[in-house]
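Notes for the structure review
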Amino acid sequence: MAGSALIIIDVQNDFCPGGSLAVAGGDEVVPVINGLSQHFEHVLLTQDWHPHHHSSFASSHPGRQPFETVRMAYGEQTLWPDHCIQGSGGAAFHPGLNRTKAELIIRKGFRPAIDSYSAFFENDHSTPTGLAGYLRERGIRDITLVGLATDFCVAYSALDAVAQGFATMVRLDACRAIDLGGSLDAMLGRMRQAGVTLASN
Ligand code: VGL
Ligand code: ZN
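Chains are numbered independently. Their residues run from 1 in the order of the written sequence. To read the labels, note that chains go from A and ligands from 1, taken in the order they are written. A pLDDT threshold of at least 70 governs which residues receive local features in this predicted model, and a stricter bar of 80 or more applies before side-chain atom pairs are shown or counted, although totals over entire chains, interfaces and linings include all residues. To get the side-chain values, take all heavy atoms of the structure and skip hydrogens and water.

Okay, the site of ligand 1 next. The nearness test applies per residue and asks whether one of its heavy atoms lies within 4 Å of the molecule or strand. Near ligand 1, the surroundings consist of D10, F15, L21, D48, W80, H83, L148, A149, F152, C153 and I178. Under this definition, polar contacts are N or O atom pairs within 3.5 Å; protein pairs additionally need one hydrogen-donor-capable and one acceptor-capable atom, and for neighbouring residues in sequence, both atoms have to be side-chain atoms. A distance of 3.1 Å separates a nitrogen atom of ligand 1 from a polar atom in the side chain of D48. At 3.1 Å from a nitrogen atom of ligand 1 is found a side-chain nitrogen or oxygen belonging to H83. Burial of ligand 1 by the surrounding chains reaches 100%, relative to a free accessible area of 260 Å². A cavity here means a set of points on a 1 Å grid, drawn over the protein atoms and nothing else, where a 1.4 Å probe fits but cannot get out; a pocket is an open set with protein on both sides within 12 Å along at least five of seven lines, and a residue lines either one if it has an atom within 4 Å of a point. In this scheme, a molecule is assigned to a cavity or pocket if more than half of its atoms are within 2 Å of the grid points. Structurally, ligand 1 is housed in the largest cavity. Ten residue types, Ala, Val, Leu, Ile, Met, Phe, Trp, Tyr, Cys and Pro, are classed as nonpolar, four, Asp, Glu, Lys and Arg, as charged, and the remainder, Gly among them, as polar. When grouped by side-chain class, the residues that make up the shell around ligand 1 number eight nonpolar, one polar and two charged. Where accessible areas are quoted, they stem from the Shrake-Rupley method and a 1.4 Å probe; at the residue level, only the protein chains shown are allowed to cover.

Structure (structure tokens):
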């Protein structure tokens, strides 16, 4: 489709089976996304890219466990197992993901004190990644989001995308969820409410 972009969120080894923050069936999205890529004029990737001792890691908070929540300067933050360490194999894209067509890789989560789920803004909801400007300057108005995880990085990217005025679709068949304490249903509801088109094929 002309003027439209496929944005592939965090299809990285650590989010796939065997990885440190494995999403159930995470690797199953790879062939689906490879097929979809053929139909888009623009293909972009995001890559979760944390320094060692990142503040979103439970290991950086003595006495805290992964999947607990802490209060940070910018609000509530879920604590995660160490994952997607810059330059590590876990941070690499799934080897089966076809990246030949990708025009841009947006890295996020590289600031030690702040996490970034969304491809557009960090978790303070005000520090931009530059993606909105890139898309606008290239004349891209329609975006389709796929990847990992549905209820975190995909969902927050989709919410920011509609708020930034992009026509936004999430292809759920090309996403898999973490589903932490009902987060999948909650985020599907928020996306629907915000005007994100949720599609399954
Ligand atoms: C993600 C948790 C922590 C994601 C990234 O890609 O959805 N989730 N970092
Ligand atoms: Zn992360």
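Donor atoms from the polypeptide that coordinate the zinc ion (ligand 2) comprise D48 (OD), H50 (NE2) and H83 (NE2), at 2.0 to 2.2 Å from the metal. Coordination here is defined by N, O and S atoms within 2.8 Å of the metal (3.2 Å for Na, K and Ca), and since water is not considered, a site can look incomplete. Between the donor residues of the zinc ion (ligand 2), the gaps in sequence give the motif D-x1-H-x32-H. Accessible area is worked out with a 1.4 Å probe on protein chains only. A residue is then buried under 20% of its type maximum, exposed over 50%, and partly exposed in between. According to the relative accessible area criterion, H50 is buried, its value standing at 0%.

Moving on: the state of the cysteines. Count a disulfide wherever a pair of cysteine sulfur atoms falls within 2.5 Å. Here the structure, examined in full by the defined rule, presents zero disulfides. As a non-bridged cysteine, C16 has C84 as the owner of its nearest cysteine sulfur, 9.5 Å distant.

On to helix α1 (residues 29-37). Secondary structure follows DSSP: runs of H or I at least 4 residues long count as helices, runs of E at least 2 residues long count as strands, and numbering of each begins at the N terminus. Those residues of α1 that sit buried are V29, V30, I33, N34, L36 and S37. Down the axis of α1, the buried side of the element spans an arc of 165°, and every buried residue falls inside it. In this description, the arc belongs to the directions extending from the helix axis to the C-beta atoms.

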